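# Architecture at a glance
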Amino acid sequence: MEKKKQIGEHIVDHLSERMNEEIVDPVLDEWLAEDESNQEDFKRYKEIWKETGSYLEQETFNAQYAWDKIDRINKERDNKRKRLVNIGYIISGVAATLLLVLGFSKMGVFDKQPEMLVRMTADYGSRSEVVLPDSSVVKLNSGSDITYSYNAKEKIREVNFQGEGFFDVSKNKIPFVIKMSNGLRLKVHGTSFNLQAYTDEKTVEASLVEGCIELDHGNDKLLNAGDMAIFDKQTNKMRPISGVLSHSYSWLEDKLYMDHMSLASVCKYLERRYDVTIHLQKDLGNSIHYDGVIQEEAITDILGVLSRLSDISYNVKGKNISITSK
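Let me sum up the structure you'll find in this document. (Residues numbered from 1 in each chain as written. Predicted model: local features only at pLDDT ≥ 70, side-chain atom pairs only at ≥ 80, totals over all residues. Heavy atoms only, no water.)

Glancing now at the overall build of the chain. For the chain, the count of helices and strands is nine helices and 18 strands. Counting every position in the chain, which comprises 326 residues, the buried fraction comes to 39%. Approximately 18,300 Å² of the chain is accessible, and the part contributed by carbon and sulfur atoms is 47%. (Helix = DSSP H or I, 4+ residues; strand = E, 2+ residues; numbered from the N terminus. Buried < 20%, exposed > 50% of the residue type's maximum accessible area, 1.4 Å probe, protein only. Areas by Shrake-Rupley, 256 points an atom, 1.4 Å probe, with all protein chains shown as cover.)

Encoded structure:
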């Protein structure tokens, strides 16, 4: 046992010196000469140590967590792993990281890309906020879904997104990429903006508060602070739009600014926000438009306001609402 303990320490010392082949270690050399299997083990340790270099430099491993993890893994292994366990019990700190990665390597983890996934959904009738691993913050409006993917090896920050969200992206040399339906991509380095990209809508709308973003769909389009733009999914063309920037993200304050908004668009907004189904009388949705602002309260209060502003009446049965002309 004492000899194995010494060998473990000598292995760690050797690897910690960046595998400097000029360093002479009689104890280690004697152990290697004893058995060919020792040489195979040592070769494997060196290979795994190289694999873990980037992790060790980042100093992201928790030594205690690493120890607990490898201890748990080792106990599940058969007798062929006993030599590894014996050496592992005397190693701490950086060496614990080595053993943890060795256990992962045995399970085939290194055959895959190291990837971090975070998913958040805001169902109809709710809103939510998510802080991503890179410290970016995304506030999701009702009926939205986001999946964040970070590949540590390829250095990619990527998001699959549908719905509406307000993004506050952390500054980083690695671009933050948002992928939407229809092949549209938005590239960001660090900025704040509102993005409306529901899959059942014909357009995607971006409103940039600060910084700059790049819309990519064949021809790159750069947006600067204060810019607002709409991308038409059917024509694959983008055009700038005018309006009050803050109105595009007024939902963060539970407000709905209606800038000549059709009744059909208002109803679609209300369906998402309150998780209801609205049945509109035929040809009524696009014949009525509204201007003004509504403070989000009970949906019956909002419907009452709309009925006073226009010639409509409504009937509520649970989550089903019917709107007809008076």
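Having seen the model, we can carry on.
A few words on the environment of Tyr 274. Here Tyr 274 lies in helix α8 (residues 263-274). Separated by 150 residues in the primary sequence, Tyr 274 and Tyr 124 have C-alpha atoms spaced 6.6 Å apart. In this structure, Tyr 274 is in contact with Gly 125, Glu 296, Glu 297, Ala 298, Ile 299 and Ile 302, ignoring residues within four places of it in sequence. (Contact = heavy atoms within 4.5 Å.)

Attention now goes to the side chain of Ser 144. You can see Ser 144 is positioned in strand β4 (residues 144-151). You can call Ser 144 buried: its relative accessible area is 1%. For Ser 144, the side chain forms a polar contact with the main-chain oxygen of Asn 141, separated by 2.8 Å. Apart from the residues within four sequence positions on either side, Ser 144 is in contact with Met 120, Thr 121, Ala 122, Gln 162, Gly 163, Glu 164 and Tyr 198. (Polar contact = N/O pair within 3.5 Å; in protein donor to acceptor, adjacent residues only side chain to side chain.)

In terms of backbone geometry, most residues other than glycine have negative phi values and most peptide bonds are trans. You will see that His 260, though not glycine, has its phi angle at about 55°, which is positive. Position of His 260 among the secondary structure elements: in strand β14 (residues 255-262). Since its relative accessible area comes to 53%, His 260 is described here as exposed. Positive phi is not limited to glycine here, since Asp 283 has a value of about 70°. Inspection of the secondary structure puts Asp 283 in the loop between β15 (277-280) and β16 (289-295).

Summarising the sheet, strand β3 (residues 137-140) and strand β5 (residues 156-168) pair through four bridges and their orientation is antiparallel. For Val 137, the partnering residue across the bridge sits in β5 and is Asp 168. Where β4 and β5 come together, seven bridges link them in antiparallel fashion. Bridging across to β5, Tyr 148 finds its partner in Val 159. As paired elements, β5 and strand β6 (residues 176-179) share four bridges and run parallel to each other. Bridge pairing links Asn 160 to Lys 179 in β6. (Pairing = 2+ DSSP bridges.)

A separate point is the nonpolar core. Within soluble globular proteins, side chains that are nonpolar tend to cluster in buried spots. Counting residues in each nonpolar core, the largest one holds 28 residues, and the members touching the most others are Phe 161, Phe 167, Phe 176, Ile 178, Leu 186, Phe 193 and Leu 195. Dropping the residues within four chain positions of it, Leu 195 is found in contact with Phe 161, Gly 163, Glu 164, Gly 165, Phe 167, Ile 178, Met 180, Leu 186, Val 204, Glu 205 and Ala 206. The next biggest cluster of nonpolar side chains, apart from the first, holds 23 residues, and it includes Met 258, Ile 312, Ile 321 and Ile 323. (Core = buried A, V, L, I, M, F, W, Y, C linked by side-chain atoms within 4.5 Å.)

So, about the sheet that holds β15. Strands sit in the order β15-β18-β17 across an open sheet of three strands; the sheet is mixed. At either margin of the open sheet sits one strand with a lone partner, and together these are β15 and β17 (312-317). Taking the axes of each pair of neighbouring strands and ignoring which way they run, one obtains an average angle of 20° across the sheet. Across four bridges, β15 lies against strand β18 (residues 320-325) in parallel orientation. Bridge pairing in β18 places Leu 280 opposite Ile 323. Of the strands in this sheet, β15, β17 and β18 touch α8, which is tilted by about 160° from β15. (Axes fitted to C-alpha atoms, helices over the stretch in contact; angles between N-to-C directions.)

Take the side chain of Ser 207 next. Locating Ser 207 in the fold gives a position in strand β9 (residues 203-210). Relative accessible area serves as the criterion here: at 1%, Ser 207 is assigned to the buried category. One polar contact links Ser 207 to Ser 248, side chain to side chain, over a distance of 3.2 Å. Leave out the neighbours within four places in its chain, and Ser 207 touches Phe 193, Asn 194, Asp 227, Met 228, Leu 245 and Ser 248.

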